[in-house]
Amino acid sequence: MKDLKYICAYTIPITAILGLFLQGYFTYLTPIYAFGLIPIIELFTQDSKQNLNEQQRLSKGQKKLFNWLLYLNLPIVYSLMFFTIYTCTNQTFFTYEIIGIVISTGIVLGTNGINVGHELGHRSTYERFLGKALLLPSLYMHFFIEHNYGHHLKVATKEDPATAKFNHPVYWFWITSTIGQYLSAWKIQFKLLQQNKLSFFSIKNDMFWYLIITVSYLLLIYFSFGSFGFIIALSSGIVGFLLLETINYIEHYGLARSKKTTGRYERVREIHSWNSNHTLGRILLYELTRHSDHHHRAAKKYQLLDHHDKSPQLPFGYPTSMVLSLIPPLWFMIMNKHVPREMRNISKSQH
């Protein structure tokens, strides 16, 4: 039964569906649940630093259940996206209801879409295909290339657009990270094409295909549901990737790798990502909160991720931390004292 705990991740899309049915102020049920109720519950529940023993690790690593719990998010995300657009274009809503629906749908696209797509993006070929499909509704297919071939190599350095600098507010990070990651993905793609002596119009130019697929997706919605349906899809996608960028912000805020005398950065270690062991956030985000171990061993499946005592620990869970980051003065007041002094010095010298 403990293995089924990750079913709780489906409660986020369930609240979005309930909001669509109940309407009115219930359209805000998802943000209230994810960033109101869950942070309150986490304040009164204990976190867990316990890691699996070797026998448990072997058992959980072989269970297909953990894979299917991820795969099921694909029909959930696309069904919700269709239901949202269909409902909004066939019923009359007040403006505040539309805003609530877009925010709620966007949260699902970020948590059950991009987050799961990120996990699958580190796996085998067919699972990567599913992962990319989950990135599409958030208009973030380029994330696959940039994250796997850029972020994991450059994390906690000034060259990484997805690493938040010390004392930089999240709203500025949204801009720099969103633009920086997209440009970085194209640079990586051009480099891969050059290495293999392929032209821009090669069938292996994934970034070109991502662009075609994303534009086709939006055009399909436009011709099927009109301009309003297009706006709903576009707005929900933006909320989805901004949620991802907020997670990116808290995952590496203020952390920095030092340079060796050779000019190369030290290797990525457990100390270069913020960790959180708050149980509820761990379950809802498929252990994304044990981010330190993920960067330590990127191919490690979510159910096997470990806690490391060396890793810097967030004082709160991910949902609470995300809310705090939206209030920069409060975020700086709480978090800056937790950033290791040597990393603050590195970050200041590099920037």
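Thresholds applied
- Residues numbered from 1 in each chain as written.
- Predicted model: local features only at pLDDT ≥ 70, side-chain atom pairs only at ≥ 80, totals over all residues.
- Heavy atoms only, no water.
- Core = buried A, V, L, I, M, F, W, Y, C linked by side-chain atoms within 4.5 Å.
- Buried < 20%, exposed > 50% of the residue type's maximum accessible area, 1.4 Å probe, protein only.
- Helix = DSSP H or I, 4+ residues; strand = E, 2+ residues; numbered from the N terminus.
- Contact = heavy atoms within 4.5 Å.
- UniProt positions renumbered as here; feature names shortened; annotations may be inferred.
- Polar contact = N/O pair within 3.5 Å; in protein donor to acceptor, adjacent residues only side chain to side chain.
- Patch = residues over 30% accessible without salt bridge, like charges linked within 9 Å, V, L, I, M, F, W, Y side chains within 5 Å.
- Areas by Shrake-Rupley, 256 points an atom, 1.4 Å probe, with all protein chains shown as cover.
- Salt bridge = Lys/Arg side-chain N within 4 Å of Asp/Glu carboxyl O.
- Axes fitted to C-alpha atoms, helices over the stretch in contact; angles between N-to-C directions.
- Parallel < 35°, antiparallel > 145°, perpendicular 65-115°, else oblique.
- Nonpolar A, V, L, I, M, F, W, Y, C, P; charged D, E, K, R; others polar.
- Phe/Tyr/Trp six-rings, centres within 6.5 Å; stacked < 30°, edge-to-face > 60°.
- Lys NZ or Arg CZ within 6 Å of the ring centre and 35° of its normal.

1. As for the nonpolar core
Counting residues in hydrophobic clusters, the biggest one holds 76 residues, and the most contacted among them are Tyr249, Tyr253, Tyr286 and Trp331. Broken down by element, this core gets its largest block of residues, 13 residues, from helix α10 (residues 206-252). Residues in contact with tyrosine 253, not counting those within four places in the same chain, are Ala164, Lys165, Phe166, Asn167, His168, Trp274, Trp331, Phe332, Met335, Asn336 and Val339.

2. What to know about the UniProt feature "transmembrane region" (unreviewed entry) in the chain
Mapped onto the present numbering, the UniProt feature "transmembrane region" (unreviewed entry) falls on residues 7-22, 65-86, 98-117, 169-186, 207-225 and 231-250. With 95% helix and 0% strand, residues 65-86 has end C-alpha atoms that lie 32 Å from one another. End C-alpha atoms of residues 231-250 are separated by 29 Å, and the span's content is 100% helix alongside 0% strand.

3. What about the side chain of histidine 308?
Looking at the element boundaries, histidine 308 is found in the loop between α12 (291-296) and α13 (318-325). A polar atom in the side chain of histidine 308 sits 2.8 Å from the side chain of aspartate 293. Every residue in contact with histidine 308, bar those within four places of it in the chain, is listed here: Glu270, Asp293, His296 and Gln313.

4. Focus on unusual backbone geometry
One non-glycine residue, leucine 139, lies in positive phi territory at about 60°. Within the secondary structure layout, leucine 139 lies in the loop between α7 (125-135) and α8 (143-154). In the Ramachandran plot, lysine 197 falls in the positive-phi region, its phi being about 55° despite a non-glycine side chain. Relative to the assigned elements, lysine 197 resides in the loop between α9 (170-195) and α10.

5. Remarks on a nonpolar patch on the surface
Where nonpolar side chains cluster on the molecular surface, the patch consists of Trp172, Ile175, Ile179, Tyr182, Leu183, Leu211, Val215, Leu219, Tyr222 and Phe223 and spans about 980 Å² of accessible area. Of all elements in the fold, only α9 and α10 reach the threshold of two or more residues within the nonpolar patch.

6. Quick notes on the packing of helix α5 (residues 73-90) against α10
Between two packed helices, the angle of one axis relative to the other and the distance separating the axes together describe the packing. With their axes 10 Å apart at the nearest point, α5 and α10 run at an angle of 95° to one another. Regarding the angle of α5 to α10, the classification is roughly perpendicular. Between α5 and α10, the residues in contact are Met81, Phe82, Thr84, Ile85, Tyr86, Cys88 and Thr89 and Tyr217, Ile221, Phe225, Phe228, Gly229, Ile232, Ala233 and Ser236, respectively. When the residues that make up the contact of α5 with α10 are grouped by side-chain class, the tally is 11 nonpolar, 4 polar and no charged.

7. Some remarks on the packing of α10 against α13
At a closest axis distance of 10 Å, the pairing of α10 and α13 adopts a crossing angle of 95°. By the criterion of interaxial angle, the relationship of α10 to α13 is roughly perpendicular. On the side of α10, the interface is formed by Leu243, Thr246, Ile247, Tyr249, Ile250 and Glu251, while α13 contributes Tyr318, Ser321, Met322 and Ser325. Considered class by class, the residues forming the contact of α10 with α13 number 6 nonpolar, 3 polar and 1 charged.

8. Quick look at the environment of threonine 178
Mapped onto the elements, threonine 178 comes out in helix α9. Taking the relative accessible area as the measure of exposure, threonine 178 reaches 18% and is therefore buried. Sequence separation between threonine 178 and glycine 237 is 59 residues; the distance between their C-alpha atoms is 13 Å. Not counting residues within four places of it along the chain, the set of residues in contact with threonine 178 comprises Tyr140, Phe173, Phe241 and Glu245.

9. Quick word on the pattern of salt bridges
This model, assessed by the stated rule, comprises 10 salt bridges. In this structure, arginine 123 engages glutamate 127 in a salt bridge whose closest nitrogen and oxygen atoms are separated by 3.3 Å. By relative accessible area, arginine 123 is classed as buried at 9%. Overlapping salt bridges bring together Arg57, Asp293, Arg297, Lys300 and Asp306 as one network.

10. A closer look at the packing of aromatic side chains
Within this structure, the stated rule accounts for 28 aromatic pairs. When the centroid spacing of 6.4 Å and the interplanar angle of 65° are considered together, the rings of tyrosine 71 and tyrosine 126 count as edge-to-face. Separated by 55 residues along the polypeptide, tyrosine 71 in helix α4 (residues 65-71) and tyrosine 126 in helix α7 bring together distant segments of the chain. Look at tyrosine 71 and you get buried, because its relative accessible area is 11%. When the ring centre of phenylalanine 144 is taken as origin, the NZ or CZ atom of lysine 132, which lies over that ring, is 4.4 Å away.

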